[in-house]
Amino acid sequence: MTPQNYRWTRSNVGVLAGVCKGIADAIGVETWIIRVIWLVSILWFGTGGLLYLILAVCLPRVDKLDQALDRKLLGVCARIASRYRLEVGLVRVAFVLFLLVTFGAAILVYGLCYFMVPETEPRKSP
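Residues numbered from 1 in each chain as written. Predicted model: local features only at pLDDT ≥ 70, side-chain atom pairs only at ≥ 80, totals over all residues. Heavy atoms only, no water.

## A look at the pattern of salt bridges
Okay, step 1: Applying the stated criterion across every chain, the model contains one salt bridge.
Okay, step 2: Asp 25 is the partner of Lys 21 in a salt bridge, and the nearest nitrogen-oxygen pair spans 3.6 Å. Here Lys 21 pairs with Asp 25, and both are found in helix H1 (residues 19-27), just four residues apart, close to one helical turn. (Salt bridge = Lys/Arg side-chain N within 4 Å of Asp/Glu carboxyl O. Helix = DSSP H or I, 4+ residues; strand = E, 2+ residues; numbered from the N terminus.)

Below you can see the structure in the form of structure tokens.
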């Protein structure tokens, strides 16, 4: 994916990490609406803070999209995103959530994916 094709990003001018602004831009609503929803999820359910932290770590910043596919930890999420034309931030979020749900079995899956998902050839621009 080219940097201009990324929809799910975080802003570089947000209040904390730019997650609410990035989500608001992605779905086309005002930023304050997302912030209110986040505040309610923190106060009511208590999970909004953890989800915000995960998104802040996993979603690429809008001003650094050219580095979005750089290898982080073995580069598995970047390889999966490139191979299947997915947004790398969403692949990383999915892996972290999978890791939290499976209590470590995701590490085994991640290691297997390192050997099973082939590297994609870098695209040459004309």
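## Notes on helix H3 (residues 48-58)
Okay, step 1: Of the residues making up H3, those classed as buried are Gly 48, Tyr 52, Ile 54, Leu 55, Ala 56 and Cys 58.
Okay, step 2: Against H1, helix H2 (31-45) and helix H5 (88-102) lie the buried residues of H3. (Buried < 20%, exposed > 50% of the residue type's maximum accessible area, 1.4 Å probe, protein only. Contact = heavy atoms within 4.5 Å.)

## A look at H5
Side chains that are three or four residues apart share a direction in an α-helix, a result of its 3.6 residues per turn.
Okay, step 1: Relative to the 21 Å expected for 15 residues at 1.5 Å per residue, H5 spans 21 Å between its end C-alpha atoms, a close match to the ideal helical length.
Okay, step 2: Among all positions of H5, only Val 88, Gly 89, Val 91, Arg 92, Val 93 and Phe 95 are buried.
Okay, step 3: Contacts from the buried residues of H5 go to H3, helix H4 (76-84) and helix H6 (105-116). (Expected span 1.5 Å × (residues − 1).)

## Some remarks on the nonpolar core
Okay, step 1: Ranked by internal contacts, the top residues of the largest apolar core, which has 14 residues, are Val 19, Ile 23, Ile 34, Trp 38, Tyr 52, Leu 55 and Val 93.
Okay, step 2: If you list the elements that add at least two residues to this core, you get H1, H2 and H3.
Okay, step 3: Here this core gets five residues from one element, more than from any other, and that element is H3.
Okay, step 4: Apart from residues no more than four positions distant in its own chain, Trp 38 is found in contact with Val 19, Cys 20, Ile 23, Gly 48, Leu 51, Tyr 52 and Leu 55.
Okay, step 5: Grouped together as the second largest cluster of nonpolar side chains are twelve residues, Val 76, Cys 77, Val 91 and Phe 95 included. (Core = buried A, V, L, I, M, F, W, Y, C linked by side-chain atoms within 4.5 Å.)

## Some remarks on a nonpolar patch on the surface
Okay, step 1: On the surface, a nonpolar cluster with roughly 920 Å² of combined accessible area is contributed by Ile 27, Val 29, Trp 32, Ile 33, Val 36, Ile 37, Val 40, Trp 44 and Phe 45.
Okay, step 2: It is H2 that provides the largest number of residues to the nonpolar patch, a total of seven residues.
Okay, step 3: Position of Val 40 among the secondary structure elements: in helix H2. (Patch = residues over 30% accessible without salt bridge, like charges linked within 9 Å, V, L, I, M, F, W, Y side chains within 5 Å. Areas by Shrake-Rupley, 256 points an atom, 1.4 Å probe, with all protein chains shown as cover.)

## Describing the packing of aromatic side chains
Okay, step 1: If you walk through the whole model with that rule in mind, you get three aromatic pairs.
Okay, step 2: Taking 5.6 Å as the distance between ring centres and 85 degrees as the angle between the ring planes, the aromatic pair formed by Trp 38 and Tyr 52 counts as edge-to-face. Separated by 14 residues along the polypeptide, Trp 38 in helix H2 and Tyr 52 in helix H3 bring together distant segments of the chain. (Phe/Tyr/Trp six-rings, centres within 6.5 Å; stacked < 30°, edge-to-face > 60°.)

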